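Working through the structure, step by step
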Amino acid sequence: MKKLRWLLATLTALTMFAAGCGDDDETVTLTFGAVPAENAQEISDYVTPQIIADELGVEIEFIQAADYAGVIEGTIAEEVDIASFGGFSYVIATGAGADLDVAGLWASDTPDGYGDYRSYLITQVGSDVNTVDDLRGKKVCFVDPGSTSGFLFPSALLLAAGIDPSETSTDIEATFAGGHDASALAVANGDCDAGFAYDTMVTEQLIESGDIAGVIDEVEDETVNGDVAEIRIIDKSAPIAAPPLAVGNWLPEDMKEEIIEIVTTKVNVDWAVENGYCDSVDDCPLSDGPFWGYLAGDDAYFDPIRELCELTGSAKCQAD
Amino acid sequence: MVTSDSKQQVRPPVSRRRSLLTATFVAFFVGCLYSMWDIGVNPLTFWTERQDLFNLLDRMWAPRIDEPRLVWEAALDTFLMAFAGTALGVFLAVPIAFLSANNVVKNRFVRGAARAFIVVTRALPELILALIFVRVYSIGVLPGVLALGLHSIGMLGKLFSDSIEQIDTGPREGVVASGAGRLQEITTGILPQVIPSFIAISLYRLDINFRASTLLGLVGAGGIGLQIRAHQGSLDYQQLLGVTLVIIVLIAIVEIISSRVRAVILGHDDGPKKKSVLATLGLGHTVEAEDFRPADGASAELPFDREALRPPWNRDRIVMWIFGSSCLAMLILAFTVPDLSFIEMIQGFPQIPEIFNNLIPRNMDWWEDRWGELLVETIQMGFAATGLSLVFAIPTAMLAARNVAPARWVYNAARSFILGVRALPDLIVAVIFVAALGLGPQPGVLALAIGLYGFSTKLFADSIEEIKEGPRDGVRATGASGLQETFTSVLPQAMPAIIGHSLYVLDVSLRASTVLGIVGAGGIGFPLVQGTRLFQFELVGGLLICIFVLVYAIEILSAWVRKQVI
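Residues numbered from 1 in each chain as written. Chains lettered and ligands numbered in written order. Predicted model: local features only at pLDDT ≥ 70, side-chain atom pairs only at ≥ 80, totals over all residues. Heavy atoms only, no water.

Once that is clear, we can look at the overall build of chain B. From N to C terminus, chain B includes 24 helices and 0 strands. Counting every position in chain B, which comprises 566 residues, the buried fraction comes to 52%. Taking all contacts inside chain B whose residues are at least 6 apart in sequence as the whole, residues at least 24 apart take part in 78%. Looking at chain B as shown, the accessible area adds up to about 25900 Å², and 65% of this sits on carbon and sulfur atoms. (Helix = DSSP H or I, 4+ residues; strand = E, 2+ residues; numbered from the N terminus. Buried < 20%, exposed > 50% of the residue type's maximum accessible area, 1.4 Å probe, protein only. Contact = heavy atoms within 4.5 Å. Areas by Shrake-Rupley, 256 points an atom, 1.4 Å probe, with all protein chains shown as cover.)

The helix and strand tally for chain A stands at 11 helices and 12 strands. With 320 residues in all, chain A has 57% of them scored as buried. Within chain A, contacts between residues at least 6 apart in sequence are counted, and of these 72% link residues at least 24 apart. Summed over all atoms, the accessible surface of chain A reaches about 12800 Å², with 47% contributed by carbon and sulfur.

All names here are of chain A. Where like charges cluster on the molecular surface, the negative patch consists of Glu253, Asp254, Glu257, Glu258 and Glu261. Topologically, Glu261 is positioned in helix H9 (residues 253–265). On the accessibility criterion, Glu261 (48% relative accessible area) is partly exposed. (Patch = residues over 30% accessible without salt bridge, like charges linked within 9 Å, V, L, I, M, F, W, Y side chains within 5 Å. Salt bridge = Lys/Arg side-chain N within 4 Å of Asp/Glu carboxyl O. Lys, Arg positive; Asp, Glu negative; His and termini not counted. Charge placed at Lys NZ, Arg CZ, Asp CG, Glu CD.)

All names here are of chain A. This structure, assessed with the given rule, holds 2 disulfides over all chains. The disulfide partner of Cys141 is Cys192, and the gap between their sulfur atoms is 2.1 Å. Its S-S torsion of about 50° marks the bond between Cys141 and Cys192 as right-handed, since a negative value means left-handed. One end of the pair, Cys141, is in strand S6 (residues 139–142); the other, Cys192, is in the loop between helix H7 (180–188) and strand S8 (194–198), with 51 residues separating them in the sequence. Cys192 gets classed as buried once you look at its relative accessible area, which sits at 3%. (Disulfide = S-S within 2.5 Å.)

This part covers the environment of Tyr198 of chain A. Here Tyr198 of chain A is to be found in strand S8. Judged by its relative accessible area of 6%, Tyr198 of chain A falls in the buried class.

So, on to the domain arrangement of chain B. Residue and element names in this part refer to chain B. Domain assignment breaks chain B into domain 1 (16–48 + 365–565) and domain 2 (68–285 + 306–359). Between the C-alpha centres of domain 1 and domain 2 the distance comes to 26 Å. Tallying the contact residues gives 32 residues for domain 1 and 30 residues for domain 2. Carbon and sulfur atoms supply 78% of the area that domain 1 and domain 2 bury against each other, a total of about 2700 Å² over both sides. (Domains from an automatic or database assignment. Buried area = accessible area lost by both parts, 1.4 Å probe.)

All names here are of chain A. The mixed open sheet is built from 6 strands, whose spatial order is S2-S1-S3-S11-S4-S12. The sheet is open, and its two edges are formed by strand S2 (59–64) and strand S12 (293–295), each paired on a single side. Along the sheet, successive strands turn relative to each other by an average axial angle of 30°, direction set aside. (Pairing = 2+ DSSP bridges. Axes fitted to C-alpha atoms, helices over the stretch in contact; angles between N-to-C directions.)

Let us now look at the interface of chain B and chain A. The interface is formed by 56 residues belonging to chain B together with 50 residues belonging to chain A. Between chain B and chain A the total buried area reaches about 4300 Å² when both faces are included, carbon and sulfur atoms providing 64% of it. Where chain B meets chain A, there are 1 salt bridge. At the boundary of chain B and chain A, one finds 3 residue pairs in polar contact (both at pLDDT 80 or more). Secondary-structure elements contributing two or more residues to the side of chain B that touches chain A are helix H2 (16–39), helix H4 (50–60), helix H7 (126–137), helix H11 (225–233), helix H17 (369–399), helix H19 (426–437), helix H22 (482–513) and helix H23 (525–533) of chain B. Tallying contributions element by element places H17 of chain B first for the side of chain B that touches chain A, with 7 residues. (Polar contact = N/O pair within 3.5 Å; in protein donor to acceptor, adjacent residues only side chain to side chain.)

Okay, a nonpolar patch on the surface next. Side chains of Phe25, Val26, Phe29, Val30, Tyr34 and Trp37 of chain B sit close together on the surface and give an oily, nonpolar patch of about 570 Å² of accessible area. Of note, Phe29 of chain B is situated in helix H2.

Looking at where Ala186 of chain A falls in the secondary structure, it is placed in helix H7. Between the C-alpha atom of Ala186 of chain A and that of Thr123 of chain A, which follows or precedes it by 63 residues, the distance is 9.8 Å. Ala186 of chain A has contacts with Cys141, Asp191 and Cys192 of chain A together with Phe535 of chain B, leaving out every residue within four places of it along the chain.

Turning next to the confidence of the model for chain A. Mean pLDDT for chain A: 84, with 88% of residues reaching 70 or above. Counting interchain partners and residues more than four positions distant, the pLDDT-below-50 stretch residues 16–25 of chain A has 14 contacts. (pLDDT = per-residue confidence, 0-100.)

Let's shift gears to unusual backbone geometry. A cis geometry characterises the amide bond from Trp61 of chain B onward to Ala62 of chain B, with omega recorded as -5°. One non-glycine residue, Glu78 of chain A, lies in positive phi territory at about 60°. Looking at the secondary structure, you find Glu78 of chain A in the loop between helix H4 (68–76) and strand S3 (82–84). The class for Glu78 of chain A is partly exposed, based on a relative accessible area of 41%. Although it is not a glycine, Asn225 of chain A sits at a positive phi angle of roughly 50°.

Looking now at the confidence of the model for chain B. Residue and element names in this part refer to chain B. In this model, chain B carries a mean pLDDT of 83, and residues with pLDDT of at least 70 account for 89%. The low-confidence segment residues 269–276, where pLDDT is below 50, has 13 contacts with residues more than four positions distant or belonging to other chains. Note on residues 278–286: pLDDT under 50 across the span, and 15 contacts to partners over four residues away in sequence or across chains. On the interface metric, ipTM, the complex scores 0.73, and its pTM is 0.79.

Residues and elements named next belong to chain A. Along its sequence, chain A is carved into domain 1 (29–115 + 242–317) and domain 2 (119–236). For domain 1 and domain 2, the distance between their C-alpha centroids amounts to 25 Å. At the junction of the two partners, domain 1 supplies 20 residues and domain 2 supplies 20 residues. Between domain 1 and domain 2, the buried area comes to about 1400 Å², and carbon and sulfur atoms account for 63% of it.

Scanning the model with the defined rule gives 22 aromatic pairs over all chains in all. Measuring from ring centre to ring centre gives 5.2 Å for Phe291 of chain A and Tyr294 of chain A, while their planes differ by 80°; the resulting arrangement is edge-to-face. According to the relative accessible area criterion, Tyr294 of chain A is buried, its value standing at 4%. Judged by centre distance (6.2 Å) and plane angle (65°), the rings of Phe417 of chain B and Tyr453 of chain B are edge-to-face. One end of the pair, Phe417 of chain B, is in helix H18 (residues 408–422); the other, Tyr453 of chain B, is in helix H20 (residues 441–465), with 36 residues separating them in the sequence. Tyr453 of chain B gets classed as buried once you look at its relative accessible area, which sits at 14%. Aromatic ring contacts, followed pair by pair, group Tyr90, Tyr114, Tyr301 and Phe302 of chain A into a single cluster. When the ring centre of Trp47 of chain B is taken as origin, the NZ or CZ atom of Arg50 of chain B, which lies over that ring, is 4.0 Å away. (Phe/Tyr/Trp six-rings, centres within 6.5 Å; stacked < 30°, edge-to-face > 60°. Lys NZ or Arg CZ within 6 Å of the ring centre and 35° of its normal.)

Within the secondary structure, Ser119 of chain A sits in strand S5 (residues 119–124). Within polar-contact distance, the side chain of Ser119 of chain A engages the backbone oxygen of Ser149 of chain A at 2.6 Å.

Another aspect to go through is the pairing of strand S4 (residues 100–107) of chain A. All names here are of chain A. In terms of burial, S4 is a largely internal element, 7 of the 8 residues being buried. Two strands pair when backbone bridges link them, and S4 and strand S11 (residues 244–248) are joined in this way by 5 bridges, in the antiparallel orientation. What sits directly across from Gly104, in S11, is Leu245. Summarising the sheet, S4 and S12 pair through 3 bridges and their orientation is antiparallel. Bridge pairing in S12 places Trp106 opposite Tyr294.

Bringing the sheet that holds strand S10 (residues 231–236) of chain A into the picture now. Residues and elements named next belong to chain A. Reading across from one edge, S7-S6-S8-S5-S10-S9 is the order of the 6 strands in this open sheet, with mixed pairing throughout. The sheet is open, and its two edges are formed by strand S7 (173–176) and strand S9 (215–217), each paired on a single side. Taking each pair of neighbouring strands and ignoring which way they run, the sheet shows an average axis angle of 30°. Bridge analysis of S6 against S8 gives 2 bridges, and the strand direction is parallel. Residue pairing in the sheet places Cys141 in a bridge with Gly195 of S8.

Encoded structure:
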């Protein structure tokens, strides 16, 4: 028994010694989490976290998750104080117990109202997939199980055609590409027979970045460089509610109010240009895609997404 | 008369070896402490974060599996993937090992090229190879097989080549003297001698590959890891835990079977006498009456009972037969399951050089300062996880060492505990910790530390068991207490081995920390995954070169220091 006793003593001593080296922060540091919805190289350059940090007088640690679940879990564990993600992620997070409030809702071009966007179903030019029905037996690229335009709305589209969109589906081979750009590029490269991505990713961002040469729109009239296009749009979803910037209710009430104030009055291109964060309104990377800024909003705005979530019968929409 | 002079003589001289040992120890210790401090983890983190971990465990409880059939199929796929990958690795590694053995190939350039290939394949993590192969063959088992096969060459090639270099030259000289050609010399003079160790090494690799194959699904390379990823993505933690438990049990079973069979092959069961596997399998040339036909053409007659020459059907031979035939069955199965067609594999081959060609950076456009920071973070994660695991591993190792453990039951309990911990794949722990503790390097380090803890405890316990009893008896005879005995006679003896093993643990830790980013746990793995997702091949290639340099530098350093201290 003697041996055991001293071993315990050694263990305790070592533990205490090493524990003395833990760090204790003096300045307040908030964590800003974002999903890999778009190009990883650009997302950390967005000035939104910087504006909040400067105006609030705190440090902001920017974290980009490997997947949507990372940010969702981060808000549940109260590790991510401010989260930039989609409506569906917000619904999943709050449904799983994250104590979140809406700090702001996305406005696209002008401050006149919430923006909306759509999910596009794309295939390669020359592919034999022309309608949702043709997806049977094909390899379909979604974005992430937590993505609104990359999974929830596409799921609804597939379910309406009687196709099971889940990971375990035998109707299609479901694949999660990890990002909207990755999903569209996987289609362009032939890795997936068809895939989903949000609208401007297909019609603007990937073309501007030079990753794809052009796109043919067979639904409306958004064709860009049709003669050299690699991909074509064969279906479009209904308009999708504006994505939120969410803030944790665990923050001190006055700090939370201040964050909401900053987000809804200062995180917009006009204010950012005036205060020297951007050179011009046209070149102001607050977030991805067309982005004017954030408007005030509330939790009830996402009730339609909650309903749609329940319609898809997914396990993560069932409150535990 | 005792003078200060004679006292000095008793002290060991300050040799180069001792100062190096001290310097390494200090550098290593400082590296670990600094990294733990900078990343913000310490042994108490497990305690201070317990609330979050319990919360997640609460959501994970009770584990369940909705579709056992799917899990079973995925598990079988995973095993077949590991098996096919190992078979591919062995198939490729054997010729490369011969080319790199200094007693087979005299040409230094050929040997150097073969060695370089071995080193490169070892330094590229299989997960990252799988990521790249998923790009060529798309999601499925095939990229996993190729990744495992290619990465396995690193270890198999090196160990095969070592055992070729260690052969007894006698039989070979005999074969050469009988006028054998080059190929005959190799197949009859060398191959029969090395086959037992080849099989044992391959089995060990199968064990390692099976562990790795459970994770390959995380990057889309098929198997049970795909289910882990799906359940994690949909936040279905009860099923995540269910599948994780299945994986742990399977890994433990494969490890036990693999080590049992290895013991039989290497003859550990029947003393020092090494047996030829061919003989055990009964595949060797059976002596026939023809062999004794006199030159004058008289009728042949065996000078002894032929049955006496056949190896008996003892337990070992039965084990080997079962093992051999199941290997054959597995091999056939592995290459005939629908997901893994040879045709698809061969069709994809022309794309591989193209992919690797695309990976070569044409310029430095891919470089961003953030990569430098992430590389430093990766190194720190490696150090911090090593430090953290050692804090717990050294005390546990004493409980798990037969000669130091306070009681037999403590020893048994500690050993079984380690086996259980070792069966826990670090990346799956990282998935769980990222969910419970948030993103960034801390959960990654904690997860890695748990994996390394099992691994290093086993290494340490084994080396403590190897210490000499003499010094202990001496110390005990002077009336020392248990504490004094351990500090003056056990630890000093085991120290060089512990330091050497710690450096090896660091080596393993750094390799693992390069891929933790795949699940969002910090380090260089994250931009690597993003790069492959977005087809930015030059970025991926550039980062791979960084990882290669990092891993290779640590390997050289750790091997050099280990050579000095042990």
